[in-house]
Amino acid sequence: MDNTSLALDNPTISTVPEVGQKVRLHGREIRVELTRAARRAAAGLAAPLVVEMELYFSCLVRKQVRVKPLADTHLPNDDLVSLGGPLLLGFRPVVAEQCRIADLGDEAPPLKTMPVTKPGAYIPHWLRLDFHKGQWRGEFGYQS
Amino acid sequence: MSTSPENLQQADPRMDAWLNQKLDELLPTKLKEIDEARTPSMAIIATKGTLDWAYPPFILASTASAIGWDTSIFFTFYGLLLLKKEIPSEVSPLGNPAMPMKMPFGPKWFQGITWPMPNLIMAGIPGFEKVATSLMKKTFKNKGVATVDELRELCIEADVKMLACQMTVDVFGFSHSEFIDGIDYVGATYFLPVAKDSDVCLFI
């Protein structure tokens, strides 16, 4: 049984994520740094929470960390790794589902997962995660 | 029926008709299958080294490679600077009169203002390029936009072929040690057939 299934089967597990740990996703190593507040919040989670590293391909390429309950993620369980306990990590390349922004009003364009042929090549090198005033905040990048 | 040359000759019109009908039936499907089985390709010619012009080749190349296209970028003239170990790019308002001036700080209404700065003034003020570069980098960072260095890294990881124009290297007096690893130094005679055979060829 891998870490992911362990975390999914035991959502109340309270393993505290390590400081500066490295995890592998799609065969690539990611250096993960959680602040003390983030580790404390992760250890107290009652249900699995997914940290999605979203790479949005558009006129520019935007990086965004989204933290959401497991039920809300579009990522399959096989594409998630555990950061310790019920805190899971995944990578989601996306594109806009439609470009007719006039139809969208003030809403952000709906996104869909982009079928990347070599996902390993696009996996970030590092992730930093913080928990501040009840909100998860994070960033990721491709250079050390 | 005998297969004498006379009989075959008589059968020709019917054979031709049969063959034409079969081709009409089968060829579109077959061509579609061939087209779907082949890998699309893109060749980009990057000629500019300013920060704003550094984004398009790397964004398009990393996106094309992500969806499985064979992608090459040919860096020539000032585009060669995008392959230096430290990308020296700055924003230049010269030749870009449509460049909007926006502030990356303050309340949303303030950030939404497009400052009416005439191009002539932007180009003439000493240090303006540094300020504009700083503002663009700050704006992009605030919006989570990947940096040029990151996009270049993505391209390399995704096997985009990075081709440097050897002639430009020689003319500008650069040495290979000034550039990142993983580059092929080629000439136009190498790149032109690549461009000819590509499905998409872009000059940036």
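Cut-offs used in this document
- Residues numbered from 1 in each chain as written.
- Chains lettered and ligands numbered in written order.
- Predicted model: local features only at pLDDT ≥ 70, side-chain atom pairs only at ≥ 80, totals over all residues.
- Heavy atoms only, no water.
- Contact = heavy atoms within 4.5 Å.
- Buried area = accessible area lost by both parts, 1.4 Å probe.
- Salt bridge = Lys/Arg side-chain N within 4 Å of Asp/Glu carboxyl O.
- Polar contact = N/O pair within 3.5 Å; in protein donor to acceptor, adjacent residues only side chain to side chain.
- Nonpolar A, V, L, I, M, F, W, Y, C, P; charged D, E, K, R; others polar.
- Axes fitted to C-alpha atoms, helices over the stretch in contact; angles between N-to-C directions.
- Helix = DSSP H or I, 4+ residues; strand = E, 2+ residues; numbered from the N terminus.
- Parallel < 35°, antiparallel > 145°, perpendicular 65-115°, else oblique.
- Left-handed = near helix turned anticlockwise from the far one by under 90°.

Undergrad: Hey, could you go over the interface of chain B and chain A for me, with residue numbers and the actual values?
TA: Facing 22 residues of chain B, the contacting portion of chain A comprises 22 residues. In total, about 1,800 Å² of surface goes out of reach between chain B and chain A, with carbon and sulfur atoms giving 60% of it. Among the residues of chain B in contact with chain A, Ala66(B), Glu150(B) and Leu154(B) are the three that bury the most area, contributing 30% of the side total. Scanning the region where chain B abuts chain A turns up three salt bridges. Between Arg28(A) and Glu157(B) there is a salt bridge, with its nearest N and O atoms 2.9 Å apart. Here chain B is connected to chain A by 10 residue pairs in polar contact (both at pLDDT 80 or more). Among the residues making up the side of chain B that touches chain A, the classes are represented as 10 nonpolar, five polar and seven charged.

Undergrad: Any chance you could break down the packing of helix α2 (residues 51-66) of chain B against helix α6 (residues 148-157) of chain B for me, citing the residues and the numbers?
TA: Residue and element names in this part refer to chain B. For the pair α2 and α6, the least separation of the axes is 9 Å and the interaxial angle reads 30°. Relative to α6, the element α2 is oriented roughly parallel. Judged by the sense of rotation from one axis to the other, the crossing of α2 with α6 is left-handed. Between α2 and α6, the contacting residues are Leu51, Ala54, Tyr55, Phe58, Ile59, Ala61 and Ser62 on the first element and Val148, Leu151, Arg152, Leu154 and Cys155 on the second. Split into classes, the residues belonging to the contact of α2 with α6 amount to 10 nonpolar, one polar and one charged.

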